[in-house]
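Structural overview
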Amino acid sequence: MLELRRHNAAFCSPHFVEFFRRQVTEAIHAYRMFTRDEPILVAVSGGKDSLALWDVLIEEGYRTAGLYLDLGIFDYSQESKARCEAFAAARGEKLYVERVADAVGAPIHEVQKVTRRPTCSACGLSKRYLLNRAALEHGYGVVATGHNLDDEAATLFGSVMHWQTEALARQSPALGATHAKLARRVKPLYRLSELETAGYAFLRKIDYIVDECPFARGATSLAHKEVLNRLEEVSPGAKHNFLFGFLDKARPVFERAADVTLHECRVCGQVTTGELCAFCKLADQVKRRAGAKGAAPAGDHVAPDDGRRPWQTQ
Ligand code: SF4
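Residues numbered from 1 in each chain as written. Predicted model: local features only at pLDDT ≥ 70, side-chain atom pairs only at ≥ 80, totals over all residues. Heavy atoms only, no water.

Here the focus is the sheet that holds strand β5 (residues 95-99). Spatial strand order, β5-β4-β3-β6-β8-β7: six strands in an open sheet with mixed pairing. Of all strands in the sheet, those bounded by a partner on one side alone are β5 and β7 (174-175). Note that β7 and strand β8 (residues 184-186) share two bridges and pair antiparallel. Residue Ala-174 lies in a different strand from β8, and its bridge partner there is Val-186. In this fold helix α2 (residues 48-59) packs onto β3 (40-44), β4 (64-70), β5 and β6 (142-144), with an angle of close to 155 degrees to the strand it touches most, β3. Of the strands in this sheet, β3, β4, β5, β6 and β8 touch helix α6 (residues 119-138), which is tilted by about 135 degrees from β5. (Pairing = 2+ DSSP bridges. Helix = DSSP H or I, 4+ residues; strand = E, 2+ residues; numbered from the N terminus. Contact = heavy atoms within 4.5 Å. Axes fitted to C-alpha atoms, helices over the stretch in contact; angles between N-to-C directions.)

Rendered as structure tokens:
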């Protein structure tokens, strides 16, 4: 039996799997994320969330392919990539693999040495850019990520703590394509907690990487998750109420205030608000300061997502 305090309910295994999938399909319908006819690119990291999401979409009959961004982070990357490859092979699904170092000019953990940009910042920027670029190159109009309720509540908490109104405007389970070179980005797990996703992955016997990326240690987003977990313990449903209350009542206000004009980057042609996109600036910095030493390998973890689009660094 799996007890869910926030729903005041307990489920046997088959009913929990059914419940989980229903939450995903309800999320897809509520935000009109995609239809059964269009191909969906699922960003997979080898972790429980993205693989659980891919599993649900396959089982529900959606047309999917996976995309694994190889960050080149030592054993972590090799192990997470192997999980994604095994998952895709067992289900006969297409998996695209891209080496981030090929695009950036150095493994992600070396970018900081040459640019002084924090590893996770360079990683987040590169992921946003490469996800969007891969979707366009391979003909996918929508990218689905495995961000769950805990991820989304923690991101919201962080944005509220610093009153980042632009981030609040962007935080949504579904971001539309506001430019021809922008894929839609959706988070069909936003109604499901981390515990529930772990339960689903366990019941479905999904082999996922349990370890976090080594660079996640000490991340502020993890501290925010801890605070929210403590709240959830004394008040079941607190995370859900926090996130859903924001989405229903506050986000539309912030969204109305936000407006940007988009152009195409003069170097790569991807979307940006200026002349040169943030990714091209980063790659150029790496190239100039590191003497373009070349590529290396990678791994993965679904990092917090505050809705920044490929051109946004702040
Ligand atoms: S913790 Fe996440 S954002 Fe930071 S380097 Fe690792 S995968 Fe990238």
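With that settled, consider α2. Here α2 spans 16 Å end to end across twelve residues, near enough to the 16 Å set by a 1.5 Å rise per residue. With eleven of twelve residues buried, α2 lies mostly within the body of the structure. For α2, the complete set of buried residues consists of Lys-48, Asp-49, Ser-50, Leu-51, Ala-52, Leu-53, Trp-54, Asp-55, Val-56, Leu-57 and Ile-58. (Expected span 1.5 Å × (residues − 1). Buried < 20%, exposed > 50% of the residue type's maximum accessible area, 1.4 Å probe, protein only.)

Scanning the entire structure with this criterion turns up 13 aromatic pairs. Ring centres of Phe-11 and Phe-16 lie 6.3 Å apart, and the angle between their planes is 65 degrees; on these two criteria the pair is classed as edge-to-face. Across the pair, exposure class does not vary: Phe-11 and Phe-16 are buried alike. For the ring pair Phe-16 and Phe-20, a centre distance of 6.1 Å and an interplane angle of 50 degrees mean the geometry is tilted. Taken together, the residues span about one helical turn, with Phe-16 and Phe-20 both in helix α1 (residues 13-30) at a distance of four residues. For the pair Phe-16 and Phe-20, one class covers both residues: buried. Ring pairs connect the aromatic residues Phe-11, Phe-16, Phe-19, Phe-20 and Tyr-200, which therefore count as one cluster. Over the ring of Tyr-62 we find Arg-36, and its NZ or CZ is 4.5 Å from the ring centre. Residue placement shows Arg-91 over the ring face of Phe-87; its charged tip is 3.6 Å from the ring centre. (Phe/Tyr/Trp six-rings, centres within 6.5 Å; stacked < 30°, edge-to-face > 60°. Lys NZ or Arg CZ within 6 Å of the ring centre and 35° of its normal.)

Do not read the fine detail of predicted coordinates wherever pLDDT is low. Residue-level pLDDT values for the protein chain average 91, and 94% of them are 70 or greater. Contacts of residues 293-302 to residues separated by more than four positions or lying in other chains number 51 contacts, the stretch itself having pLDDT below 50. (pLDDT = per-residue confidence, 0-100.)

Relative to the elements of secondary structure, Thr-25 occurs in helix α1. According to the relative accessible area criterion, Thr-25 is buried, its value standing at 11%. Separated by 35 residues in sequence, Thr-25 and Glu-60 place their C-alpha atoms 8.3 Å apart. A distance of 3.1 Å separates the side chain of Thr-25 from the backbone oxygen of Arg-22, its partner in a polar contact. (Polar contact = N/O pair within 3.5 Å; in protein donor to acceptor, adjacent residues only side chain to side chain.)

Next up on the list: the pairing of β4. For β4, a buried count of seven out of seven residues is recorded, marking the element as mostly surrounded by other parts of the structure. By the alternation rule, side chains of β4 split into Thr-64, Gly-66, Tyr-68 and Asp-70 and Ala-65, Leu-67 and Leu-69, which are all buried. In this structure, β3 lies alongside β4, joined through five bridges in parallel fashion. Each residue of the ladder has a partner; that of Val-44, found in β4, is Tyr-68. What joins β3 to β4 is α2, and the crossover it makes is right-handed. Summarising the sheet, β4 and β5 pair through five bridges and their orientation is parallel. Following the sheet pairing, Leu-67 is matched in β5 by Tyr-96. Handedness of the β-α-β unit built from β4, helix α3 (residues 74-91) and β5 comes out right-handed. (Right-handed = clockwise from strand over helix to strand, strands pointing away.)

Attention shifts here to the packing of α2 against α3. Contact geometry for α2 and α3: axes closest at 11 Å, N-to-C directions at 10 degrees. Put simply, α2 runs roughly parallel to α3. Across the interface between the two elements, Leu-51, Trp-54, Asp-55 and Ile-58 of α2 pack against Phe-87, Ala-88 and Arg-91 of α3. (Parallel < 35°, antiparallel > 145°, perpendicular 65-115°, else oblique.)

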